[in-house]
Amino acid sequence: MRSDVKDKIEKTLKKIIKDFKKDVDFVVLPSEKEEFGDFYTNISFKLADKENPPQKLAEIIKQKISSDLKGIIKKIETKNGFINFFIDEDIYRENILKIFQNGKEYLKENIGNGKKILIEFVSANPTGPLTIAHGRQAAYGESLSRILKFSNFDVTKEYYINDAGRQMELLGESLKARYYQLKGIEYEIPEDGYFGDYLIDIAKKIKEVKDDKNFFIEFAFNEILQDIKKDLKSFGVSFDNWVKESEFIKNKEVENVLNILKNKNLIYEKEGSLWFKTTVFGDDKDRVVVKKDKTYTYLATDIAYHKYKIERNFEVIINIVGPDHHGYIPRLKASVTSLGFNPNNFIVLIVQLTTLYRGKEKLRMSTRKGQFITLRQLIDEIGADATKFFFLFRKIDSHLDFDIEVAKKQSSENPVYYLQYAYVRLKHVIEFAKEKGYEFEGEQFQIDLLNNEEEIELMKRIWKFNEIINNVVKTYGVHLLAEYLLDISKLFHSYYQKYRIVGDEKELTYARLVLIKSLLVVFELSLNLLNISLPERM
RNA sequence: GCGCCUGUAGCUCAAUAGGAUAGAGCAUCUGCCUUCUAAGCAGAGGGUUGCGCGUUCAAGUCGCGCCAGGCGCACCA
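Treat the numbers as computed from the prediction; the structure is a model and nothing was measured. (Residues numbered from 1 in each chain as written. Chains lettered and ligands numbered in written order. Predicted model: local features only at pLDDT ≥ 70, side-chain atom pairs only at ≥ 80, totals over all residues. Heavy atoms only, no water.)

A. Representation of the protein's contact with RNA strand B in the model. By nearness alone, 72 residues border RNA strand B, and Asn125, Lys291, Arg394, Tyr421 and His428 come closest of all. The sugar-phosphate portion of RNA strand B accounts for 63% of its atoms within 4 Å of the protein, the bases making up the rest. Within the side chain of Lys291, an N or O atom sits 2.6 Å from a phosphate oxygen of RNA strand B. The contact in question runs from a base oxygen of RNA strand B to an N or O atom on the side chain of Asn471, over 2.3 Å. Sorting the residues of the surface near RNA strand B by element identifies helix H2 (43-47), strand S4 (82-87), strand S9 (273-276), strand S15 (400-403), helix H16 (415-435), helix H18 (465-475) and helix H19 (479-498) as the ones contributing at least two each. Classifying every residue of the surface near RNA strand B by side-chain character gives 25 nonpolar, 23 polar and 24 charged. (Near = heavy atom within 4 Å. Polar contact = N/O pair within 3.5 Å; in protein donor to acceptor, adjacent residues only side chain to side chain. Helix = DSSP H or I, 4+ residues; strand = E, 2+ residues; numbered from the N terminus. Nonpolar A, V, L, I, M, F, W, Y, C, P; charged D, E, K, R; others polar.)

B. Broad picture of the sheet that holds strand S8 (residues 267-270). Judged by pairing direction, the sheet is antiparallel, and its three strands sit side by side in the order S8-S9-S10 without closing on themselves. The two strands at the open ends of the sheet, each matched to only one other strand, are S8 and strand S10 (287-290). When strand polarity is set aside, the average angle formed by the axes of neighbouring strands in this sheet is 45°. Note that S9 and S10 share three bridges and pair antiparallel. Directly across from Leu274, in S10, lies its bridge partner Val290. This element, helix H11 (residues 298-311), spans S9 and S10 of the sheet and lies at about 80° to S10. (Pairing = 2+ DSSP bridges. Axes fitted to C-alpha atoms, helices over the stretch in contact; angles between N-to-C directions. Contact = heavy atoms within 4.5 Å.)

C. Spotlight on the environment of Leu349. Locating Leu349 in the fold gives a position in strand S12 (residues 346-350). Accessibility expressed as a relative area gives 10% for Leu349, which makes it buried. Between the C-alpha atoms of Leu349 and Asn152, which are 197 residues apart in sequence, the distance is 21 Å. With near-sequence residues (within four places) excluded, Leu349 lies in contact with Tyr140, Leu144, Ile318, Asn319, Ile320, Val321, Ile396 and Tyr476. (Buried < 20%, exposed > 50% of the residue type's maximum accessible area, 1.4 Å probe, protein only.)

And the structure:
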């Protein structure tokens, strides 16, 4: 496996670094260019001083290590002070043979060691349909969860429902207004209420108004939540838990946690309200938890929610949020820290906004005013896979521009189809081979017949898979996997065009089929991790 | 005013802990279907990485200062 080889190089270098009586940090990284081999290290730069320039040290180090890495490294070269390692190609061949034999299990690496992680994401308020911003968070959160799970983290996906407070009342009032308006009775939507047309559709579903002051709230809430769940489902996103804010009020957990903080001297009264001393933990100012009217702020219930997260013994708590919640992070950090959780294991990932365009027109979004393109509309217009891929192959920090016109027009040129097409071709080649009588049972494969430039390049890329997954886990950069797959697709399409896989030479055909089959494993797995579907044909 | 994010090819974006000559796709131009799917392939052009200083053997990447855009800065959620 790739990471094993890298480890070996690192260990060997660490061993010889002792001879230099200097403790320095160095890296072993994949080379960017063919001529620099598969890995390079900058160790000689780190060890260099006036008497010993990097070029000289590189030579010395090279002499010291070459015998240690026999069987793995074909040759070592020094250039400009760097040391470049060229992997023995048999390593690649062995790798694809293992994948061919064991499938995706062979690609699994135990990075997480069963560590319990909670990932809370989307958590859109049940006051309207999911927007494109939620879509990006949903696509990202789902894929990240899948990758972490594959790497042996014990992942729990959670959605927090804000079903308490003033926003819900406004929602109820807005629905009530729409209901009476439909009856021809004049009734105004509150000024800061919800003006979206979706409430008209929901109002139409009301057959009978029950005599309950919460009737409209509950009706709207249930309808909207149901829609949210439906949209997520058609987007391939699922959750293990749905946690309701209102529960923490009902079961007195908010009261309870505020008492705990009171006992820690972190709560005080001022101007008729209760304040949480978040400044103790680095926030700009203290925050209100109980308002003058004696109701809780959002923060109060959120502290209770995070206590609930901590109680379930998660080692790492990840919150995926939009940039509008950025100012809120110090408060949350203060909350978990005050409850005894290590703030370094509390990770807030901010997914930047997507700006929608229709041609040149920039679309401004506002849930309350009812002006927005919903995730549903986007899925209907562009397709779930294409929409997801648009989100996934950019890193979350980028503020991305999404032109609906372009996405629609180019739907068949969207990169996602390029990947899927490669997958379909791979599958088809294997089917075709079977029709021609190529069965895999009991064969001895001469995989050293895989020796042209393209084949070695493809095998190298397959060998790189683990490194990509490692990087995704380390940086939470799901886009790295999407890019990897795009890259490998390109190589495959090119290879497919240039060489005949199922040909007349039996041994060569078998060797190539091993390559194709291992590629298929990588594709199936990667597309699954990205939550993109595997078409049968295109 | 303060905080976070962003600024890279005409457009949309990459570039692992700072590494060697900054890469893809789209768009543009030129070629390729009698053989495993042309939603494909081969080739070409396209750059002062917003600007300036600094740190370093080495800066798109780190630090400081500007400029531009996005999002926040509630007893809303």
